[in-house]
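What follows is each chain in one-letter form.
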Amino acid sequence: MHVLITAGPTREPLDPLRYLTNRSSGKMGYALAHAFVGAGHSVLLISGPTELDVPGGVDFIPVETAAEMHSAVAQSLGHIDIAVFAAAVADYTPASVAAHKIKKAAATLTLELVRTPDILGAARGEFGFTGTLVGFAAETQNLEANARDKLVRKHCDLIIANDVSKPGIGFGSDHNEVLLVYPEYNEALPPASKHTLAHHLATVILELHQRRKP
Ligand code: PMT
């Protein structure tokens, strides 16, 4: 099977020194890449900047911005059977990037931000992807309802939802606790290390892919 995984944060530049980003470490996505390659699959990992080593045997495209991740995914999806979007992609990026360091002057500074491309949302329509599509949902409230909304809007086969307001899981942690949201039902998984969870998720996603085959 050919598996594409997005992971890590994006960095949206403000000026040559500064960027907007988030707390994603990439651990969840890299653990998934490790699990799929360990199960004998061909894995392409498209990742924003992290401190992690790329798992052995995994093809790798490093990116910085949401726009770069969008174009790397667009160019790669053609031969992919299963796509898993674990990256924490910035939803907004500065409307313009200053050519030089923004100097401090007034007491307040207002930034104008514009929407980034929704990469997961583009998979079915813009990219024409017909394989198994798995998204994540990072929520701080109404976990199931918000994840189900993403499942429907983004035409996914599965959303892996995590409540990132819970201490000890989610962004940056070695552990996670997720709710699997399918079109017909939900399944809550117990807290586990991202390593253990990724192996279970890889099995679940491969079974889902087999079930969905015509
Ligand atoms: O990286 P770690 O430190 O290990 O943390 C793991 C994690 C918390 C980042 C991971 O488990 C997770 O939840 N990833 C998704 C984070 C996120 O941005 O969720 P979201 O609910 O904002 O986005 C929904 C889905 O759309 C995600 O699959 C996301 O990759 C995708 N998306 C979002 C915005 C955008 N412009 N393009 C996208 O593809």
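Per chain, residues are indexed from 1 in the order of the written sequence. Where local features are concerned, this predicted model is filtered to residues with pLDDT of at least 70; where side-chain atom pairs are given and counted, the filter is 80 or more; whole-chain, interface and lining totals use all residues. Think of the side-chain values as coming from all heavy atoms in the structure, minus any hydrogens and water.

Describe the overall build of the protein, naming the residues involved and giving the relevant values.
Within the protein, the regular secondary structure consists of five helices and 14 strands. As a reference, a globule follows 2.2 Å times the number of residues to the power 0.38, and the radius of gyration itself is taken over C-alpha atoms. The globule rule puts the C-alpha radius of gyration for 214 residues at 17 Å, and the 17 Å found for the protein is close to it. Once the C-alpha set of the protein is aligned to its principal axes, its extents read approximately 60 × 35 × 35 Å. Burial status across the protein gives 46% buried among its 214 residues. Only heavy atoms matter for contacts: two residues are in contact if any of them lie within 4.5 Å across the pair. By sequence separation, contacts in the protein at least 24 residues apart represent 60% of the contacts at least 6 residues apart. Here the Shrake-Rupley method, with its probe set to 1.4 Å, supplies the accessible areas, and only the displayed protein chains count as covering residues. Only carbon and sulfur atoms are counted for the fraction: they give 52% of the accessible area of the protein, which is about 10800 Å². His is not counted here, nor are the chain ends, while Lys and Arg score as positive and Asp and Glu score as negative. Where a charge sits is defined by one atom per residue type, namely NZ (Lys), CZ (Arg), CG (Asp) or CD (Glu). Taking the 18 positively charged and 22 negatively charged side chains of the protein as two groups, their mean positions are separated by 5 Å. Put simply, DSSP H or I for four residues or longer makes a helix, DSSP E for two residues or longer makes a strand, and each gets a number counted from the N terminus. Categorising residues by exposure relies on relative accessible area from a 1.4 Å probe, with only protein chains included: less than 20% of the type maximum marks a residue as buried, more than 50% marks it as exposed, and the intermediate range marks it as partly exposed.

Residue-level account of the pairing of strand β10 (residues 158-163), with values.
Of all six residues that make up β10, six are buried, and the element is covered over most of its length. Burial of β10 is two-sided: the residues Leu 158, Ile 160 and Asn 162 facing one way and the residues Ile 159, Ala 161 and Asp 163 facing the other way are all buried. Once you follow strand β9 (residues 132-139) into helix α4 (residues 143-153) and on to β10, the crossover reads as right-handed. Where β10 and strand β12 (residues 178-181) come together, four bridges link them in antiparallel fashion. Following the sheet pairing, Asn 162 is matched in β12 by Val 178. We call a crossover right-handed when, viewed with the strands running away from us, the connection from the first strand over the helix to the second turns clockwise. Pairs of strands are assigned from DSSP output, requiring at least two bridges between the strands.

Kindly report on the sheet that holds β9, identifying the contributing residues and their values.
Pairing is mixed in the open sheet, where eight strands are placed in the order β5-β4-β1-β6-β9-β10-β12-β13. With partners counted over all chains shown, the strands left at the sheet margins are β5 (59-62) and β13 (186-188), one partner each. The average undirected angle you get between the axes of adjacent strands in this sheet is 15°. Relative to strand β4 (residues 42-47), strand β1 (residues 2-7) is paired through six bridges, and the arrangement is parallel. Bridging across to β4, Leu 4 finds its partner in Leu 44. Interaxial angle, 0 to 180 degrees, is taken between N-to-C directions of lines fitted to C-alpha atoms, where a helix line uses only the stretch in contact. Strands β1, β4, β5 and β6 (82-85) of the sheet are contacted by helix α2 (residues 66-76), whose axis makes an angle of about 160° with β4. Against the sheet, α4 contacts β9, β10, β12 and β13, and its axis sits at roughly 150° relative to β10.

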